[in-house]
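Given next are the chains, with one letter for each unit.
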Amino acid sequence: MENPLCFSIFLFLCILIQSSARGQSLGPESFGRRSRAAETNETSQETRTRFLLFRGETDKGCQIRLNRSDTLQHCGFNSSLPLVMIVHGWLESVQFSPSHVHLIGYSLGAHVSGFAGSYMSRKHKIGRITGLDAAGPLFEKASFSDRLSPDDANFVDAIHTFTWEHMGLSVGIKQPIAHYDFYPNGGSYQPGCHFLELYKHFAKHGLNAITQTVKCAHERSVHLFIDSLLHADMQSTAYMCRDMDSFSQGLCLSCKKGRCNTLGYHTRQERQSKKSKSLFLVTRAQSPFKVYHYQFKIRFNQTENPVEPTFTVSFLGTRGERQKIPITLSRGITSNETYSFLITLDVDIGELIMIKFKWENSVVWSNVWNTVQTIIPWGRESLHSGLALKSIRVKVGETQQRMTFCSENMNDLQLHPAQEKTFVRCEANSETLKRKIR
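Residues numbered from 1 in each chain as written. Predicted model: local features only at pLDDT ≥ 70, side-chain atom pairs only at ≥ 80, totals over all residues. Heavy atoms only, no water.

As named in an unreviewed UniProt entry, the protein chain is Hepatic triacylglycerol lipase, taken from Moschus moschiferus. According to the UniProt record, the Sequence similarities (unreviewed entry) comment for the protein chain is "Belongs to the AB hydrolase superfamily. Lipase family." Reading the Subcellular location (unreviewed entry) entry of the UniProt record for the protein chain gives the comment "Secreted". (UniProt positions renumbered as here; feature names shortened; annotations may be inferred.)

Trainee: What is the right way to read the pairing of strand S7 (residues 153-159) from this model?
Mentor: Put simply, side chains in a regular strand alternate between the two faces of the sheet. Of all seven residues making up S7, six are buried, and the element is well covered by its neighbours. Here strand S6 (residues 126-132) pairs with S7 via six bridges, running parallel. Opposite Ile126, over in S7, you have Ala153 as the bridge partner. Bridge count for S7 against strand S8 (residues 180-184) is three bridges, and the pairing is parallel. By the bridge assignment, Asp157 is partnered in S8 with Tyr180. (Buried < 20%, exposed > 50% of the residue type's maximum accessible area, 1.4 Å probe, protein only. Helix = DSSP H or I, 4+ residues; strand = E, 2+ residues; numbered from the N terminus. Pairing = 2+ DSSP bridges.)

Trainee: Would you mind showing me how to read a positive patch on the surface here?
Mentor: On the surface, a cluster of positive charge is made up of Lys256, Lys257, Arg299, Arg393 and Arg402. When you line up the elements, Lys256 lands in the loop between helix H7 (244-248) and strand S10 (260-262). Among the residues examined, Lys256 registers a relative accessible area of 62% and is labelled exposed. (Patch = residues over 30% accessible without salt bridge, like charges linked within 9 Å, V, L, I, M, F, W, Y side chains within 5 Å. Areas by Shrake-Rupley, 256 points an atom, 1.4 Å probe, with all protein chains shown as cover. Salt bridge = Lys/Arg side-chain N within 4 Å of Asp/Glu carboxyl O. Lys, Arg positive; Asp, Glu negative; His and termini not counted. Charge placed at Lys NZ, Arg CZ, Asp CG, Glu CD.)

Trainee: Hey, could you run me through unusual backbone geometry in this one?
Mentor: For residues that are not glycine, phi is negative in most cases, and the peptide bond is trans in most cases. The omega torsion of the bond from Ser287 to Pro288 falls at -5°, within 30 degrees of zero and hence cis. In this structure, Pro288 sits in the loop between strand S11 (277-281) and strand S12 (292-301). Look at Asn67: it is not a glycine, yet its phi comes out positive at around 60°. With respect to the secondary-structure elements, Asn67 resides in the loop between strand S3 (62-64) and helix H3 (70-74). A positive phi angle, near 65°, is found at Gln400, a position not held by glycine. For Gln400, the position within the fold is in the loop between strand S17 (387-396) and strand S18 (402-407). By relative accessible area, Gln400 is classed as partly exposed at 27%.

Trainee: Is there a simple way to think about the state of the cysteines in this case?
Mentor: Applying the stated criterion to the full structure yields five disulfides. Residue pairing for Cys193: its cysteine sulfur links by disulfide to Cys216, the two sulfurs lying 1.9 Å apart. Where Cys193 bonds to Cys216 through sulfur, the torsion about that S-S bond is close to -60°, and the disulfide is left-handed. Residue Cys193 is found in the loop between S8 and helix H5 (198-205), and its partner Cys216 is found in helix H6 (residues 209-230); the two are separated by 23 residues along the sequence. Residues Cys193 and Cys216 agree in their burial class; the two are buried. Each sulfur of the disulfide joining Cys406 and Cys426 lies 1.7 Å from the other. Across the S-S bond of Cys406 and Cys426 the torsion is about 125°, and the bridge reads as right-handed. Taken together, the residues Cys406 in strand S18 and Cys426 in the loop between strand S20 (420-425) and helix H9 (430-436) connect sequence positions 20 residues apart. By relative accessible area, Cys406 is classed as partly exposed at 22%. Here the bonded cysteines of the protein chain are numbered in sequence order, and their pairing is 1-2, 3-4, 5-6, 7-8, 9-10. (Disulfide = S-S within 2.5 Å.)

Trainee: I keep staring at the side chain of Thr312 and nothing clicks. Help me out?
Mentor: By the secondary structure assignment, Thr312 is in strand S13 (residues 310-317). Among residues more than four places away in sequence, those in contact with Thr312 are Lys324, Ile325, Pro326, Lys356, Phe357, Lys358 and Glu360. (Contact = heavy atoms within 4.5 Å.)

Trainee: Help me understand the UniProt feature "active site" (unreviewed entry) in the protein chain in this model?
Mentor: Those residues carrying the UniProt feature "active site" (unreviewed entry) are Ser107, Asp133 and His218 in this numbering. In sequence the annotated residues extend across 112 residues, while in space they remain close, none of their C-alpha pairs exceeding 8.0 Å. Within the secondary structure layout, Asp133 lies in the loop between S6 and S7. In contact with Asp133, other than residues within four places in its own chain, are Ser107, Ile159, His160, Thr161, Phe162, Gly172, His218 and Ser221. Within the secondary structure, His218 is located in helix H6. Once you skip the residues sitting within four places of it in the chain, His218 turns out to touch Tyr106, Ser107, Asp133, Thr161, Phe162 and Val171. In this structure the side chain of His218 is engaged in a polar contact, spanning 2.5 Å, whose partner is the side chain of Asp133. (Polar contact = N/O pair within 3.5 Å; in protein donor to acceptor, adjacent residues only side chain to side chain.)

Trainee: I'm lost on the nonpolar core in this one. Help?
Mentor: General note: in soluble globular proteins, nonpolar side chains tend to be found buried as a group. Grouped together as the largest cluster of nonpolar side chains are 31 residues, with contacts concentrated most on Phe296, Phe311, Phe315 and Phe357. Contributing elements (two or more residues each) for this core: S12, S13, strand S14 (321-327), strand S15 (337-345), strand S16 (352-360), S17 and S18. Each residue touching Phe296, except ones within four places of it in the same chain, is listed here: Val313, Phe315, Tyr339, Ser340, Phe341, Ile343, Ile355, Ile392, Arg393 and Val394. Core analysis: the second largest hydrophobic core is formed by 28 residues, Phe96, Val101, Ala134 and Ala135 among them. (Core = buried A, V, L, I, M, F, W, Y, C linked by side-chain atoms within 4.5 Å.)

Trainee: Looking at this structure, I do not really get the side chain of Lys358. What am I missing?
Mentor: Counting through the fold element by element, Lys358 comes out in strand S16. Lacking a salt bridge, the buried Lys358 has Glu360 as its closest oppositely charged neighbour, with an N-O distance of 4.1 Å. Leaving out residues up to four positions away in the same chain, Lys358 has contacts with Thr310, Phe311, Thr312, Lys324, Ala418, Gln419 and Glu420.

Trainee: Would you mind going over the UniProt feature "binding site: Ca(2+)" (unreviewed entry) in the protein chain with me for this structure?
Mentor: UniProt's feature table lists "binding site: Ca(2+)" (unreviewed entry) at Arg147 and Asp152, given in the numbering used throughout. A relative accessible area of 3% places Arg147 in the buried class. At 3.0 Å, the side chain of Arg147 and the backbone oxygen of Ala142 are in polar contact. Mapped onto the fold, Asp152 is located in the loop between S6 and S7.

Trainee: Just to check I follow, could you spell out the packing of aromatic side chains for this structure?
Mentor: Any aromatic ring pair is given by two values, namely how distant the centres are and how the planes are angled relative to each other. Counted according to the given criterion, the structure contains 11 aromatic pairs. Both rings, one in Tyr294 and one in Phe315, keep their centres 6.1 Å apart while their planes meet at 20°; by these two values the pair is stacked. One end of the pair, Tyr294, is in strand S12; the other, Phe315, is in strand S13, and 21 residues separate them in sequence. The buried category is assigned to Tyr294, whose relative accessible area is 2%. What makes Phe315 buried here is its relative accessible area of 2%. Pairwise contacts between aromatic rings join Phe300, Phe311, Tyr339, Phe357 and Trp359 into one cluster. Its end group placed over the ring of Tyr292, Lys290 keeps NZ or CZ at 4.7 Å from the ring centre. (Phe/Tyr/Trp six-rings, centres within 6.5 Å; stacked < 30°, edge-to-face > 60°. Lys NZ or Arg CZ within 6 Å of the ring centre and 35° of its normal.)

Structure follows, in structure tokens:
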């Protein structure tokens, strides 16, 4: 088995709810903490809930019956191993430490996990709860006791993937609800799930395309978590940030003082205060979801009037290269200002050795530029015939490495429309890096 961590050291307890409440309301109060009398009365009723214990990848599940502890032995339950419970439901007849329990709840199941954890914490806290795009309606802005919250387990993490609001409601909860709250791609919706992709879903799902499009972003949280198990060597890193706008400018790629963490099962578990940490990252549209985050800082000199050009950047690394990645700046370019932006790559190209920076031409800008150059005879010492770009500073999120790239031709720093400039590592060890790819 390629990854024994996924199957050998786990016990997967899948609780399949096959019945609904008889004549009971499903209003907001139904999801809150109930009285001891109600709990006692409910346990005396006959239940059609099935509890299935899974011990491996090919195991089809062994049913554990209520108040029949002999079925635990029959199903081969091993209390010395960690336990992952996939909710809906709970099992109390097992003699082992709750700190070994990891509840994983999707949508409404995330809050159900929180209720179970809150109940158990009266005696002993559950080890970990993971909320996968916890349900938003009826729970957004609810109190700690009425939703999943950091005090429901020793460690709580949450992945938010569909928090886009419509008429004040969102499928997934937007507010932080855990010790670490992860917001892939900002959390509002996910790549490959936008309604602009609806035509692709029609080709694949037919009349169910709309339903599949809506489910796509909500279920992405599940696939991201599974991806962390299937690709142990490609763990996605997320970074603490105020919001996605700041993250998109590359301002948050710091791992100092626990400011970054791994998305999914391998999240670093840190016990801390009830204050949540919000982390952001970019992902691909399909598995493996990991991308590599780079912060670019550039400073343009010697331009009189603000301009809004389009740039592309190409990379050469010790393991590969990427060509013409578009760059979007948050504002127009003015003189002597530093601009920061985020670039992501879906493959690891190793250490960066060379960057090619191009001012992409457009028909409109080209005509204007050519006209200006014809009318105004630029002097030899003119400082405004282009954008002067001397160096590019880069920070790699995954390795925390910082690098500076200088223009290959320091005697000509001017960048003009449709022109491409080459930048190489300024550090003394750049020659060593070049030898790595020979």
